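Summary of structural features
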Amino acid sequence: MATDYDSFAEAYSAENETSLLNAYYERPATLALAGDVAGRRILDAGCGSGPLSAALRDRGAVVTGLDSSAGMLGLARRRLGDDADLHLADLGRPLPFPDGAFDDVVASLVLHYLEDWTAPLAELRRVLRPGGRLIASVDHPLQGHPLVRPGADYWATYQHDVEVTTSSGQSFVLTYWHRPLPAMISAFTTAGFRIAAIDEPLPAPGTPRELLPDFLKDKPPGSGFLCFLFFVLEAG
């Protein structure tokens, strides 16, 4: 079963605004990897309620968003305005854009929801101009190591569920697909991408110490943890 974001869109979006993993870790890292985006045509694939789209637009990008959740897109339109270029679309199906329509695609914490990356990566490659970039973040594959998830097979591709409880007390289940790093790299290169960078970033400067996990609170600034893995991929 795919994760049903429509059923908890409001709660997830509210948590996403200020959480350690989204607001102070994943989003700043993605923006840093994107660099100077002024004037670039960017597809935010899996835009959710639009915080990354808004940040890219504030930096001068021309942003198009897509998501498979109508509830999330409604929140994105509320954030971005009625004239925002937003599309209800599934990455497992052909995308409603011409070849080479974008300079960059950002897939922020999206690919790990998909069992098969073949068709989605082929479509993302198709809508990128030659030399365009796919900037992707995924659940770190070491999260699927037996030392972290007892009984797991790191080398397998398998589905697993994570229960999330928000600061407001609402709980919901996210369904992910684990795949090992070699399988990720093979999928990217088979789809016609060249790996330009792989990153394991630190939390953003200024992260409130009270948000950090207990094992980091007594460590000096600049200490980090492994949670997500980031790729910058260039379309061949």
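Values in this document were obtained by computation on a predicted structure and should not be read as measured data.

Thresholds, definitions, all that
Residues numbered from 1 in each chain as written. Predicted model: local features only at pLDDT ≥ 70, side-chain atom pairs only at ≥ 80, totals over all residues. Heavy atoms only, no water. Axes fitted to C-alpha atoms, helices over the stretch in contact; angles between N-to-C directions. Helix = DSSP H or I, 4+ residues; strand = E, 2+ residues; numbered from the N terminus. Parallel < 35°, antiparallel > 145°, perpendicular 65-115°, else oblique. Left-handed = near helix turned anticlockwise from the far one by under 90°. Contact = heavy atoms within 4.5 Å. Nonpolar A, V, L, I, M, F, W, Y, C, P; charged D, E, K, R; others polar. Buried < 20%, exposed > 50% of the residue type's maximum accessible area, 1.4 Å probe, protein only. Phe/Tyr/Trp six-rings, centres within 6.5 Å; stacked < 30°, edge-to-face > 60°.

1. Here's the deal with the packing of helix 1 (residues 9-18) against helix 2 (residues 20-34)
Across the interface, helix 1 lies against helix 2 with an axial gap of 4 Å and an inter-helix angle of 50°. Classified by the angle between their axes, helix 1 and helix 2 sit oblique to one another. Between helix 1 and helix 2 lies a crossing of right-handed hand. Contact with helix 1, carried on its side by Tyr12, Asn16, Glu17 and Thr18, involves Leu20, Asn22, Ala23, Tyr24 and Arg27 of helix 2 and no other residues of that element. Here the contact of helix 1 with helix 2 is built from residues that sort into four nonpolar, three polar and two charged.

2. Topic: helix 1
For helix 1, every residue scored as buried is listed here: Ala9, Ala11, Tyr12, Ser13 and Asn16. The inward-facing, buried residues of helix 1 contact helix 2, helix 3 (51-58), helix 4 (70-80) and strand 7 (171-178).

3. A look at unusual backbone geometry
One non-glycine residue, Leu109, lies in positive phi territory at about 55°. By relative accessible area, Leu109 is classed as buried at 13%.

4. Some remarks on the side chain of Ser53
In this structure, Ser53 sits in helix 3. Setting aside its immediate chain neighbours within four residues, Ser53 contacts Asp44, Cys47, Val63 and Leu80.

5. Topic: the packing of aromatic side chains
Inspection of the entire model under this criterion finds 14 aromatic pairs. Aromatic pair Tyr5 and Tyr113: ring centres 5.8 Å apart, planes at 80°, arrangement edge-to-face. Residue Tyr5 is found in the segment before helix 1, and its partner Tyr113 is found in the loop between strand 4 (102-108) and helix 5 (118-127); the two are separated by 108 residues along the sequence. Between Tyr154 and Trp155 the ring centres are 4.8 Å apart and the planes differ by 85°, which places this aromatic pair in the edge-to-face class. Each member of the aromatic cluster is reached from another via a ring pair, and the members are Tyr5, Phe8, Tyr12, Tyr113, Phe172 and Tyr176.

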